[in-house]
Amino acid sequence: MFRNFDKVFKFTFKNQTSMGGYKKLTFTVALLLIIIPIAIFVLVEKFKDSDEDLKPCGAEKVYVVNEATPGMDYAVLNMLNVEGYTGITYENIDDVDTALQKVKDNGEKKSLILQFNVSDDSIDSRIILPEGSDLEKEDAENLDKYIDMNGRTIAVLASGVDVQELGALTVKTDYDLYETSGYDKGVSIYDDQNVADEQLSEDMKPVFNIVLTFLCIMVIYFVALFYGNGIMQNIVLEKSSKLMDTMLISVRPEAMVFGKMLGVLAAAVIQFFTWIISLVIGLVGGVKIVEYLKPDTDNMVITFFNNFDAMGLFKPVSIVIAIVALLVGIVFYSSIATICGAISSTKEEAASNQGLFIMVLIISFYMVLFGGLKGESVATWMYMLPCTGAMVLPAGVCSGSLSIALAAVGLLIMIITTILLIILAGKLYTMMALYKGNKVNISKAMKMLMSSK
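Remember, predicted model here, so these are calculated numbers, not experimental data.

Asker: An account of the overall build of the protein is needed here, citing residue identities and associated values.
Answerer: Of regular secondary structure, the protein possesses 17 helices and six strands. Burial analysis of the protein (453 residues in total) assigns 43% to the buried set. Carbon and sulfur atoms form 61% of the exposed surface of the protein, whose accessible area is close to 24,700 Å².

Now the structure itself:
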């Protein structure tokens, strides 16, 4: 049935990959997919550090102006044990002008002035940087950030609470979280790594499943859409040539259409998988670089990637089945495009007959989006139906939401259906080889095939 298939495949594949711009596009996009994720991870971590890390303000003395509590001892702020803010001398003073004059008279170069305005419903603060100070604007901003970070404690101070009572605010409080079974054993959720992993899976895995499903849908949709027309055009190419009769003597119709289809798809799949691998390299590289630069990072995305094993994601067997399912899904939709090409005698007819292929693709797309998705999961029947299984099965098996057994059944159904469609395309190709009548649509072609006319 597939005699000399390899020759048709090699010829078509060579034509596809030798086209101008194919190699340049593949390489350029692959390079960007490696560089961009790494740059995003590093830049996000850098800006995150600049926003969250508190740097010392460099002040040796801070004059506090607060008319509401002129005798409050603000030295208690040193007890908060914040690095860079444990050795500051705080001094109460009547007003800002007096503080500025005192700084000038004493020749103080590392002093700041902190003023509080206390009202019934709010406490406002502002920092004054004395003229001629060795401190910079950034130092004053760091002190302001320190006040914001400890706003509650400072608000209580500014309100006039007794210092001894305030000491309770600086006492470290330990807490833990228990499930009933864990409480009986004296093991908290934070101590039990298995429970912690289950909690992480429960919180993050459903969202990831949906994202992964949509990514697979998009890959199938756009690969089939972009290359479907190319497959149809290649199928009808020999029909406009006088060499077709000779080719059908040495090459079976099934081998002809299958070789043409796989030749186009092989070029497409190599391109897309090169991009996917590049993206994975970029993501892994970004994670490793950030972990190297900052081992104690609390980036949620990195934490999520590092817990793939705990959540049962991307197991080796699942990855193999997902890749096979993705490839078979692409071939499945391409076989429909091949049928459209088989019943077409010219490129113009192929462009017109591709409506069937587009219709199946779009209907399947909306079936998945609006019929199969149930909140955070996919309906089981979606995995068994070839047109929808091609879109959702790879993500389902990789995320662990679909069992290996069900995935194998869905994949087998898809493979059998694809083979039948390719055989059908070969028969239609043979039937239409010497057809010289009116334009044929899929309905008319099927009637002709059934009646053997």
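Asker: Just give me the short version of a nonpolar patch on the surface, but keep the residues and values in it.
Answerer: Taken together, the side chains of Leu32, Ile36, Ile40 and Val44 make up a nonpolar region of the molecular surface, amounting to roughly 340 Å² of accessible area. Position of Leu32 relative to the elements: it lies in helix H2 (residues 22-52).

Asker: Just give me the short version of the pairing of strand S1 (residues 61-65), but keep the residues and values in it.
Answerer: Here S1 lies mainly inside the structure; five of its five residues are buried. In S1, alternate side chains face the same way, and those of Lys61, Tyr63 and Val65 on one face and Val62 and Val64 on the other are all buried. Two elements, S1 and strand S2 (residues 89-92), share four bridges in a ladder whose sense is parallel. Paired with Val62 across the two strands is Tyr90, which belongs to S2. Bridging between S1 and strand S3 (residues 111-118) involves five bridges; their strand directions are parallel. Bridge pairing in S3 places Tyr63 opposite Ile113.

Asker: Quick one: what's the story with the pattern of salt bridges, residue by residue and with numbers?
Answerer: On inspection of all chains with the given rule, the structure shows two salt bridges. Of the charged contacts, one joins Lys61 and Glu91 as a salt bridge, the two residues approaching to 2.7 Å between their closest N and O atoms. Placement of Lys61 in strand S1 and of Glu91 in strand S2 is noted, with a sequence separation of 30 residues between them. On the accessibility criterion, Lys61 (18% relative accessible area) is buried. Between Glu91 and Lys102 there is a salt bridge, with the nearest N and O atoms lying 2.5 Å from each other. Highlighted residues: Glu91 in strand S2 and Lys102 in helix H3 (residues 96-106), separated in sequence by eleven residues. Salt bridges here are not isolated pairs; linked through shared partners, they connect Lys61, Glu91 and Lys102.

Asker: Report on the packing of helix H12 (residues 316-342) against helix H15 (residues 386-399), specifying residues and quantitative values.
Answerer: In a pair of packed helices, the angle between the axes and the distance between the axes together describe the arrangement. Running from N to C, H12 and H15 point in directions that differ by 160°, and their axes come no closer than 8 Å. Judged by the inter-axis angle, H12 sits roughly antiparallel to H15. The crossing of H12 and H15 is left-handed. Here H12 contributes Ser318, Ile319, Ile321, Ala322, Ala325, Leu326, Gly329, Phe332 and Tyr333 to the contact with H15, which in turn contributes Pro386, Cys387, Thr388, Ala390, Met391, Leu393, Pro394, Val397 and Cys398.

Asker: Kindly report on the side chain of Gln115, identifying the contributing residues and their values.
Answerer: Along the chain, Gln115 falls in strand S3. Classification of Gln115 as buried rests on a relative accessible area of 12%. Looking at Gln115, its side chain comes within polar contact range of the side chain of Arg126, at 2.4 Å. Setting aside its immediate chain neighbours within four residues, Gln115 contacts Val65, Val96, Asp124, Ser125, Arg126 and Ile128.

Reading guide: rules and limits
- Residues numbered from 1 in each chain as written.
- Predicted model: local features only at pLDDT ≥ 70, side-chain atom pairs only at ≥ 80, totals over all residues.
- Heavy atoms only, no water.
- Helix = DSSP H or I, 4+ residues; strand = E, 2+ residues; numbered from the N terminus.
- Buried < 20%, exposed > 50% of the residue type's maximum accessible area, 1.4 Å probe, protein only.
- Areas by Shrake-Rupley, 256 points an atom, 1.4 Å probe, with all protein chains shown as cover.
- Patch = residues over 30% accessible without salt bridge, like charges linked within 9 Å, V, L, I, M, F, W, Y side chains within 5 Å.
- Salt bridge = Lys/Arg side-chain N within 4 Å of Asp/Glu carboxyl O.
- Pairing = 2+ DSSP bridges.
- Axes fitted to C-alpha atoms, helices over the stretch in contact; angles between N-to-C directions.
- Parallel < 35°, antiparallel > 145°, perpendicular 65-115°, else oblique.
- Left-handed = near helix turned anticlockwise from the far one by under 90°.
- Contact = heavy atoms within 4.5 Å.
- Polar contact = N/O pair within 3.5 Å; in protein donor to acceptor, adjacent residues only side chain to side chain.

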